[in-house]
Amino acid sequence: MRAFFLWMSHNTFLRRLLMGLGFARRAARRFVAGETIDAAIGAIRALNANGIFATVDHLGENVETEAHARRAADDYLAVLDRIGQAEVQSHASLKLTQLGLDIGVEFCRANVARVLCQAQAVGTFIRIDMEASDYTDRTLQVYRDLRAEFGNVGIVIQSYLYRSQDDIAALCAEGANVRLCKGAYQEPPDRAFPNKADVDASYIALTQMLLSAAARAHGAYAAIATHDPKMIAAAKAYAAEHNVPRDRFEFQMLYGIRRDLQQQLAQAGYRMRVYVPYGAEWYPYFMRRLAERPANVWFVLRNLFRG
């Protein structure tokens, strides 16, 4: 099922077909705040009211023209303006392919720098999302180039890739702000662990590296992005055993998934941040959410049958 939905996520025919169907748009609203900035700000306000922070993502990826990439950067400038005006507690997350990475590294870097400048003016932070492994080296290159100039930028590492232990070790030594996730793309077995147990073991090991005294001494910060209670319990246990201050890490989850657990962590005094996507280009994101957990598929089907 996972492979099927990942295949659907980049099938252009199905994308055009399903994005025009009302029931598909309604189903996507479980995981996407809406198609407008106003919808995203409303979702962020609701989270903030419950003691939960946010990171907003204007959906889109793999643009093919410079005009589209510049427009995506402009959209981020607009949402950052609204974050400042509304005084909501939110960062922003972006994908480099949306800002022109397929067109050129220098061109993409310039677009992201525009966004980082605006984020500095607003007083917030930008997370560079990680995409499929073909982009990993270029994504890290752009991140490191920008971090030399901007202090308000972080990166994502995926625990299912074999290379991630070395990447985390280097980023810890650099004092990076890292979101750790399991990974949501279809990867070949020569690049990624094919078995869930190995992905989970990698996730726990990388979490401990990010929370270690050595990483903290360099200024590293861990954003532990998971809905898996076992991964959360492992992080909490390590933090408690090693006296990791709660201001040196946070938990992150996706909008619309495990809302109960989000609230529990916030009420227990942990930093909790929710990834809030919005925009018209919701189809690939929605398909990846269905690929991640069968429970997401059954949730959508139950609600469709209820009308």
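Residues numbered from 1 in each chain as written. Predicted model: local features only at pLDDT ≥ 70, side-chain atom pairs only at ≥ 80, totals over all residues. Heavy atoms only, no water.

Caption draft 1: Inspection of unusual backbone geometry at higher detail. Positive phi, close to 55 degrees, is recorded for Glu-87, a residue that is not glycine. Its location among the elements puts Glu-87 in the loop between α5 (66-86) and β2 (90-94). A residue is classified by how much of its surface remains accessible, and Glu-87, at 68% relative accessible area, is exposed. One non-glycine residue with positive phi stands out, namely Asn-243, at about 55 degrees. As for its position among the elements, Asn-243 is in the loop between α11 (229-241) and β7 (249-254). (Helix = DSSP H or I, 4+ residues; strand = E, 2+ residues; numbered from the N terminus. Buried < 20%, exposed > 50% of the residue type's maximum accessible area, 1.4 Å probe, protein only.)

Caption draft 2: Spatial organisation of the nonpolar core. Grouped together as the largest cluster of nonpolar side chains are 75 residues, with contacts concentrated most on Leu-94, Leu-99, Phe-249, Phe-251 and Val-276. Here the element with the most residues in this core is α5; it accounts for 7 residues. Look past the residues within four positions of Phe-249 in its chain and what remains in contact with it is Leu-211, Tyr-221, Ala-222, Ile-224, Ala-239, Val-244, Tyr-270 and Arg-271. One finds Val-32, Leu-59, Ile-257 and Tyr-275 within the second-largest nonpolar core, a separate group that totals 7 residues. (Core = buried A, V, L, I, M, F, W, Y, C linked by side-chain atoms within 4.5 Å. Contact = heavy atoms within 4.5 Å.)

Caption draft 3: Region of interest: the pairing of β2. For β2, a buried count of 4 out of 5 residues is recorded, marking the element as mostly surrounded by other parts of the structure. Pairing geometry for strand β1 (residues 53-58) and β2, over 4 bridges, is parallel. Opposite Asp-57, over in β2, you have Ser-93 as the bridge partner. Where β2 and strand β3 (residues 126-128) come together, 3 bridges link them in parallel fashion. When the bridges of β3 are listed, Ser-93 appears paired with Arg-127. The β-α-β motif built from β2, the intervening helix α6 (residues 105-122) and the parallel element β3 has right-handed crossover chirality. (Pairing = 2+ DSSP bridges. Right-handed = clockwise from strand over helix to strand, strands pointing away.)

Caption draft 4: Quick peek at the packing of helix α7 (residues 136-147) against helix α8 (residues 164-173). Direction vectors running N to C along α7 and α8 enclose 0 degrees, while the axes themselves pass 13 Å from each other. Judged by the angle between their axes, α7 and α8 are roughly parallel. On α8, the residues that touch Thr-136, Leu-140, Tyr-143 and Arg-144 of α7 are Asp-167, Ala-170 and Leu-171. Per-class residue counts for the contact of α7 with α8 are 4 nonpolar, 1 polar and 2 charged. (Axes fitted to C-alpha atoms, helices over the stretch in contact; angles between N-to-C directions. Parallel < 35°, antiparallel > 145°, perpendicular 65-115°, else oblique. Nonpolar A, V, L, I, M, F, W, Y, C, P; charged D, E, K, R; others polar.)

Caption draft 5: The arrangement of the confidence of the model for the chain in detail. Scored by pLDDT, the chain comes out at a mean of 89, with 83% of its residues at no less than 70. Across residues 303-307 the pLDDT falls below 50, and counting only partners more than four positions away or on other chains, this stretch makes 1 contact in the model. (pLDDT = per-residue confidence, 0-100.)

Caption draft 6: Examining the packing of aromatic side chains more closely. All told, the structure shown has 4 aromatic pairs when counted by the stated rule. Their ring planes at 55 degrees and their centres at 6.2 Å tell us that Phe-249 and Tyr-270 sit as a pair that is tilted. Of this pair, Phe-249 sits in strand β7 while Tyr-270 sits in the loop between α12 (259-267) and β8 (272-278), and the two are 21 residues apart along the sequence. The exposure class assigned to Phe-249 is buried, which follows from its relative accessible area of 2%. The class for Tyr-270 is buried, based on a relative accessible area of 12%. Between Phe-251 and Tyr-270 the ring centres are 5.5 Å apart and the planes differ by 75 degrees, which places this aromatic pair in the edge-to-face class. Taken together, the residues Phe-251 in strand β7 and Tyr-270 in the loop between α12 and β8 connect sequence positions 19 residues apart. Assigned by exposure class, Phe-251 and Tyr-270 land together as buried. (Phe/Tyr/Trp six-rings, centres within 6.5 Å; stacked < 30°, edge-to-face > 60°.)

Caption draft 7: Broad picture of the environment of Asp-134. When you line up the elements, Asp-134 lands in the loop between β3 and α7. Considering only alpha carbons, one finds Asp-134 and Glu-187, 53 residues apart in sequence, at a separation of 9.5 Å.

Caption draft 8: Region of interest: the sheet that holds β7. Reading around the circumference, β1-β2-β3-β4-β5-β6-β7-β8 is the order of the 8 strands in this closed barrel, with parallel pairing throughout. Between one strand and the next, the sheet's axes are offset by a mean angle of 30 degrees, whatever the strand orientation. Summarising the sheet, β1 and β8 pair through 6 bridges and their orientation is parallel. Paired with Val-56 across the strands is Val-276, a residue of β8. Against the sheet, helix α4 (residues 37-49) engages β1, β2 and β8, with an angle of about 165 degrees to β8. Against the sheet, α6 makes contact with β2, β3 and β4 (153-158), and its axis sits at roughly 155 degrees relative to β3, the strand it touches most.

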